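Secondary and tertiary structure notes
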Amino acid sequence: MTTRRDASAMPWIGQWIGADMPTDAGMHRIGFRRDVQIGEPPAALRIRLSADSRYVLWVNGQELGRGPVRGQQYRWTYDDYDIAPALVPGLNTIAVLVTFYGDDNAMWQRARVADGLGSAACLIIDAPEPWVDLCTGPQWLARAMTEWSTIPGGGTLAALPVEIVDLRTHDHDWLRSSGSLEDFTPARIAEATHPGSRRSRPPVYPYGPLLPRRIAALGGETVTAARSVVCSAPEQPHGPPIDTVLTALASIEDAWHAHAEQPLERGDLRASAAEPLLWQFDFGRVVSGFVDIEFDAPAGTVLDLAYLERPFQHGRNERYLPRAGARVTASGGRSRFRALETNGMRIAAILITPPTEGLVGISALRVHEHLYPFTGGAAFASSDADLERLWHAGVRTVRLNSSDAFTDCPTREQRAWVGDAVIHLGVHLVANEDWRLAARHLEICDSPRSDGLLPMSVAGDIESASRHSIPDWSLHWLHGLWMYARASKDWDFVRAHLPTAERVLTWFEQYADVEGILTNVPEWALVDWSSVFTSGRSSILTALWARGLREFAELSDAVGNVGNAQRARSRVELIELSFECFWDADRGVYVDHVVERMRMPATSQAANAAAIVAGLVPPDRRAALVSRITDDALLVTRGWNTASPTVTIGEKVQDRTLGVQRIDWDVHREIVRAEPFFSSVVHDAIAQAGRADLLPALLRRWLRFLTEGYDTFGECWEWGTPAHGWSATPTRDLTVHVLGVEPAGFDTEAYRVAPAKTGISWIRAAVPTPRGLLRVEVNGSQLRLSGPIPTQVHAWNGQVQTYPAGEHHIDLTTGELTRHDKHATHPINGVKG
């Protein structure tokens with residue numbers, strides 16, 4: 001059996017195949033099938049498979065997998081499967097359903113071709129000798145699966161595929177040898193049609209050589225709703241499924257309170273077109289995966305589904321309601337719908353409308369979670385139950401946003417945002433022994449525009465449209481590369497991506513004035529959703545750029561590129577001399593921006609934290625500066641996208657449309673609090689200033705998200721999705737800053753262990769390293785270490801001592817080894833999620 005790397009270099013025997021479809025067919029699904037006779041199934045039979053846009057693979061009716069992972073077409077990937085366990089002596093059927101989305105969406109972008117390969121659904125399968133009959137070619141059969149359709153998206157927040165299927169015309173047996181071959185015709189060879197080539201095998205444009213996916217298979221638990229409620233609804237006008245459900249919910253909202261929880265039963269409720277039934281299934285927390293429904297209904301009954309983040313409340317800011325759902329038309333009698341598209345939700349609302357009066361029922365509703373696995377024994381426990389709860393909530397939040405890439409949220413967009421992912425990456429490094437998805441996300445984000453800046457989101461509609469970007473997201477990508485390199489020491493990976501890091505930094509350099517300060521940087525400088533200013537001379541962007549330059553210099557040194565390192569450091573030296581223009585000595589803070597040589601009064605946690613992490617704050621200022629930006633009496637929560645006591649959300653939306661940034665706080669006294677995303681930089685700054693002991697109290701602010709059953713962190717303090725990956729910084733902060741466990745540097749394999757003096761009775765963790773788990777426990781002033789790598793222990797008296805791999809017991813007060821283990825034993829809870 002070949003390895004993945006060996007297999008990727010092997011020539012392909014299989015050809016890309018398709019079906020006769022017009023090039024402007026839009027979204028469509030094609031069923032591909034091959035029946036083969038096998039005498040005695042082999043012990044192992046690995047095949048390679050890819051498709052555009054997505055596929056589901058069955059062997060003899062058994063589902064084996066879905067894919068491929070998202071990416072850019074010019075570096076498309078394949079999956080491999082051992083199909084031997086699903087084979088039987090005699091006739092075997094391999095069936096693949098391929099979806100072609102047609103139009104760009106949140107997680108797929110169309111190849112830039114007018115016709116031929118890349119313009120419609122296509123499939124390729126490769127098998128080794130002597131099983132080449134399984135390889136795709138003209139002997140395969142294909143059929144257009146016209147029972148599926150979709151509806152057009154509705155903008156940025158409505159870019160997920162909406163699945164529409166009519167089960168009356170669907171043959172469930174097409175997956176098996178007993179299924180009818182009627183309407184199947186020989187597949188056609190899909191060839192490149194550009195000048196100079198008619199190739200149909202990799203490497204071929206637009207998919208390139210086809211690369212191995214290099215990440216684990218997705219999966220998870222099958223979860224059922226915690227409760228359900230059903231109610232009759234008034235007749236609804238025909239419209240898109242999500243709109244129909246939301247209208248029905250709004251029309252009977254008051255009636256829900258009069259209905260008790262209902263068990264799932266078959267065929268015991270009467271409904272009609274004039275009086276449809278409306279179910280709400282509450283999973284009790286956010287889940288993400290494939291919806292699976294078993295139901296009874298007369299033929300032609302329409303089930304409209306809407307997937308919601310929260311129980312519906314008419315009048316709540318509906319501008320941000322998820323636009324995710326499906327429509328299923330029943331075939332009659334007992335039926336089953338298992339979604340092809342993955343969605344996140346807490347609530348599944350289903351409106352059931354039969355064509356005539358009849359009995360309907362839902363006997364089961366499940367979600368098969370489809371998430372990246374968190375493997376190994378990474379763990380965290382503490383005598384402080386709140387901290388333990390926060391650590392696990394961050395893991396769950398990130399896991400819901402870890403699929404084939406790091407995404408923003410499972411419920412609305414599922415986009416692979418470039419900057420958000422620095423948080424996910426940090427959580428994976430401390431909570432998952434499998435770091436392959438971290439590397440994969442950094443890789444797909446390395447897709448720069450012609451000017452060197454990265455798109456704000458990749459492998460989807462935003463990158464495809466070549467829209468404006470978020471410049472600071474490219475700097476967060478560089479920070480993620482630096483974090484990954486410190487942990488993994490994968491220098492080949494670093495060398496491959498350093499040229500893009502250099503181009504990113506060079507992009508910013510063109511907006512630096514003669515003093516090295518970034519000025520009037522164009523495009524959408526988001527920072528986070530808090531009310532910060534980046535116009536004119538920007539302290540925040542300049543500091544993030546300086547941090548990036550320092551990190552690029554360290555990475556360059558690590559791979560032997562001394563010249564690049566020196567050039568980067570020279571840029572930082574100029575910034576250090578000029579950054580004082582932002583210092584407000586009277587208030588003891590750095591302001592957000594300077595406009596026409598006038599220091600503006602607005603200041604924020606973001607500006608001051610960025611200055612600290614960039615190394616631009618003199619050491620004698622840091623303690624007082626941290627004290628200022630953590631003083632609740634001075635902090636105010638304001639956001640350009642959030643209502644305030646004096647400005648409504650409608651006015652804020654209008655302001656954004658007009659490019660207005662309205663000050664609705666005491667700008668001369670108050671400091672704008674960072675939202676959860678940029679709070680990660682704030683916490684890095686606090687720790688860098690030597691005050692990690694403050695973090696346990698600051699992290700408790702995230703507890704506000706963990707109410708009403710939610711076990712994940714929301715997007716912003718006052719609005720947003722309830723499971724947003726960029727908000728999960730507490731998990732990393734507890735491990736890296738409170739326990740103080742992180743890689744010691746680029747030139748050593750040792751890990752730094754510098755526990756903060758918090759007064760917490762005990763904290764214990766198992767932290768992934770390239771060699772295995774490092775176990776750390778702090779009990780009072782006693783530190784216990786056990787692991788396969790050297791450690792650099794920073795005691796509370798300032799003493800630093802390096803210890804070899806093994807087990808050690810150290811008094812943090814004195815920095816000395818202790819002879820006897822006086823620790824009580826406390827259990828560690830592993831990753832939940």
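Computed from a predicted model, the values in this text were never measured in an experiment. The residue numbers shown here count from 1 along each chain, following its written sequence. Restriction of local features to residues with pLDDT of at least 70 applies here, the model being predicted, together with a cutoff of 80 or more for giving and counting side-chain atom pairs; totals for whole chains, interfaces and linings are based on all residues. Values shown for side chains rest on all heavy atoms present in the structure; no hydrogens or waters enter the calculation.

Considerations on the overall build of the chain
What counts is decided by this rule: Labels follow the DSSP assignment, with helices taken as runs of H or I lasting at least four residues and strands as runs of E lasting at least two, numbered in each case from the N terminus. With C-alpha atoms as the basis for the radius of gyration, the globule rule is written as 2.2 Å multiplied by the number of residues raised to the power 0.38. When a residue's accessible area, from a 1.4 Å probe over protein chains only, is under 20% of the maximum for its type it is buried; when over 50% it is exposed; and in between it is partly exposed. Contact definition: two residues touch when any of their heavy atoms are within 4.5 Å. Accessibility throughout is a Shrake-Rupley quantity obtained with a 1.4 Å probe, and a residue counts as covered only by protein chains that appear here. We score Asp and Glu as negative and Lys and Arg as positive, and we do not count His or the chain ends. In this description, the location of a charge corresponds to atom NZ of lysine, CZ of arginine, CG of aspartate or CD of glutamate.
Assigned secondary structure in the chain consists of 16 helices and 42 strands. In terms of C-alpha radius of gyration, the chain reaches 28 Å, essentially the compact-globule figure of 28 Å for 833 residues. The buried share of the chain, taken over its 833 residues, is 61%. Once local pairs closer than 6 in sequence are excluded, the contacts in the chain between residues at least 24 apart make up 75%. For the chain, the exposed area adds up to about 30,500 Å²; of that, 50% sits on carbon and sulfur atoms. Averaging the positions of the 81 positive and the 100 negative side-chain charges in the chain gives two centres separated by 3 Å.

Details of the side chain of H809
Quick reminder of the rule: Definition of a polar contact: a pair of N or O atoms within 3.5 Å, with one able to donate and the other able to accept a hydrogen when the atoms are protein atoms, and with sequence-neighbouring residues admitted only if both atoms are side-chain atoms.
As for its position among the elements, H809 is in strand β41 (residues 806–811). On the basis of relative accessibility, which here comes to 14%, the residue H809 falls in the buried class. Separated by 3.1 Å, the side chains of H809 and E807 make a polar contact.

Observations regarding the sheet that holds strand β2 (residues 28–38)
What counts is decided by this rule: Pairing between two strands is assigned when DSSP locates at least 2 bridges connecting them.
If you walk across this open sheet you meet the six strands as β5-β4-β7-β2-β9-β12, and the pairing is antiparallel. Either end of the sheet is taken by a strand with one partner, and the two such strands are β5 (62–67) and β12 (185–186). Strand direction decides the pairing type here: strand β9 (residues 141–144) and β12, joined by two bridges, are antiparallel. The partner of A142 across the bridge, within β12, is T185.

What to know about the pattern of salt bridges
For side chains of opposite charge, pairing can occur when their charged atoms come near one another. The test is simple: Salt bridge, as applied in this entry: a Lys or Arg side-chain nitrogen positioned within 4 Å of an Asp or Glu carboxyl oxygen.
Overall, the coordinates contain 54 salt bridges when judged by the stated rule. Its salt-bridge partner being R537, residue E515 comes within 2.7 Å of it at the nearest N-O pair. Of this pair, E515 sits in the loop between α8 (491–509) and β27 (537–538) while R537 sits in strand β27, and the two are 22 residues apart along the sequence. Taking relative accessible area as the criterion, E515 reaches 30% and is therefore assigned partly exposed. R537 gets classed as buried once you look at its relative accessible area, which sits at 6%. Its salt-bridge partner being R673, residue D632 comes within 3.8 Å of it at the nearest N-O pair. Of this pair, D632 sits in the loop between α12 (619–629) and β32 (635–636) while R673 is found in the loop between β33 (671–672) and α14 (679–688), placing the two residues 41 residues apart along the sequence. If you follow the salt bridges from partner to partner, you end up with D292, E294, R334, R336 and R366 in one network.

A word on the packing of aromatic side chains
Quick note on the threshold: Between the rings of Phe, Tyr and Trp (Trp by its six-membered ring), a pair exists once the centres lie within 6.5 Å; its type follows the angle of the planes, with under 30 degrees stacked, over 60 edge-to-face, and the other angles tilted. Each ring is checked for a lysine NZ or an arginine CZ that lies within 6 Å of its centre and within 35 degrees of its normal; such an atom marks a charge sitting over the ring.
According to the stated counting rule, one finds 28 aromatic pairs in the structure shown. Joined through ring pairs, the aromatic side chains of F579, F582, W583 and Y590 make up one cluster. A cation over a ring is seen here: R48 above Y78, with NZ or CZ 5.7 Å from the ring centre. Here the guanidinium or amino end of R621 rests over the ring plane of W583, the centre of that ring lying 4.0 Å away.

Describing the sheet that holds strand β35 (residues 751–753)
Rules: In this analysis, axes come from line fits to C-alpha atoms, helices being fitted only over the stretch in contact, and the angle between any two N-to-C directions falls in the range 0 to 180 degrees.
Taking strand neighbours across the sheet as the criterion, the four strands line up as β34-β35-β39-β40 in an open arrangement whose pairing is mixed. Each having just a single partner strand, β34 (741–743) and β40 (800–803) make up the two edges of the open sheet. Each strand axis lies, on average, 25 degrees off the axis of its neighbour in the sheet, ignoring direction. Here strand β39 (residues 791–794) runs beside β40; their pairing, made up of four bridges, is antiparallel. Residue pairing for β40: H794 is matched across the bridge by V800.

So, the state of the cysteines
To keep it simple, the criterion reads: Here, two cysteine sulfur atoms that lie within 2.5 Å of each other are counted as a disulfide.
Tallying each qualifying case throughout the model produces zero disulfides. Of all cysteine sulfurs in the structure, the one in C716 sits closest to C409, which takes part in no disulfide; the separation is 11 Å. For C716, a relative accessible area of 3% puts it in the buried group.

Description of unusual backbone geometry
Glycine aside, a negative phi is what most residues show, and trans is what most peptide bonds show. Residue D52 is joined to S53 through a cis peptide bond whose omega torsion reads 15 degrees. The residue S53 is located in the loop between β3 (46–52) and β4 (54–59) in this model. Here the bond from P202 into P203 is cis, since omega is 0 degrees, no more than 30 degrees from zero. Structurally, the position occupied by P203 is in the loop between β13 (188–189) and β14 (211–212). Despite not being glycine, E596 has its phi angle at roughly 50 degrees, a positive value.

Topic: the environment of D684
With respect to the helices, strands and loops of the structure, D684 is situated in helix α14. Owing to a relative accessible area of 13%, D684 belongs among the buried residues under this scheme. Each C-alpha atom of the pair D684 and D733 lies 8.0 Å from the other, and the pair is 49 residues apart in sequence. Residue contacts for D684: discarding those within four places in its chain leaves H479, V613, R732 and H737.

Some words on the confidence of the model for the chain
Under the convention used in this document: For every residue, the predictor states its confidence as a pLDDT score lying anywhere from 0 to 100.
Mean pLDDT over the chain stands at 93; residues scoring 70 or higher make up 94%. Segment residues 1–6: pLDDT under 50, and eight contacts once partners within four positions in sequence are set aside and those in other chains are kept. With pLDDT under 50 throughout, residues 820–829 is counted as low confidence; its partners more than four residues away or in other chains account for 28 contacts.

Let's talk about the side chain of R440
Relative to the helices and strands, R440 is located in helix α5 (residues 436–445). Apart from residues lying up to four places away in sequence, R440 is in contact with V69, R70, G71, T77, R213, I215 and D404.

Some points on the environment of S604
The residue S604 is located in the loop between β31 (598–599) and α11 (605–613) in this model. C-alpha of S604 to C-alpha of V532: the two residues are 72 residues apart in sequence and 6.6 Å apart in space. Apart from residues lying up to four places away in sequence, S604 is in contact with V532, I540, D592, I671 and V672. In terms of polar contacts, S604 uses its side chain to reach the side chain of D592, at 2.8 Å. One polar contact links the side chain of S604 to the main-chain amide nitrogen of A607, over a distance of 3.1 Å.

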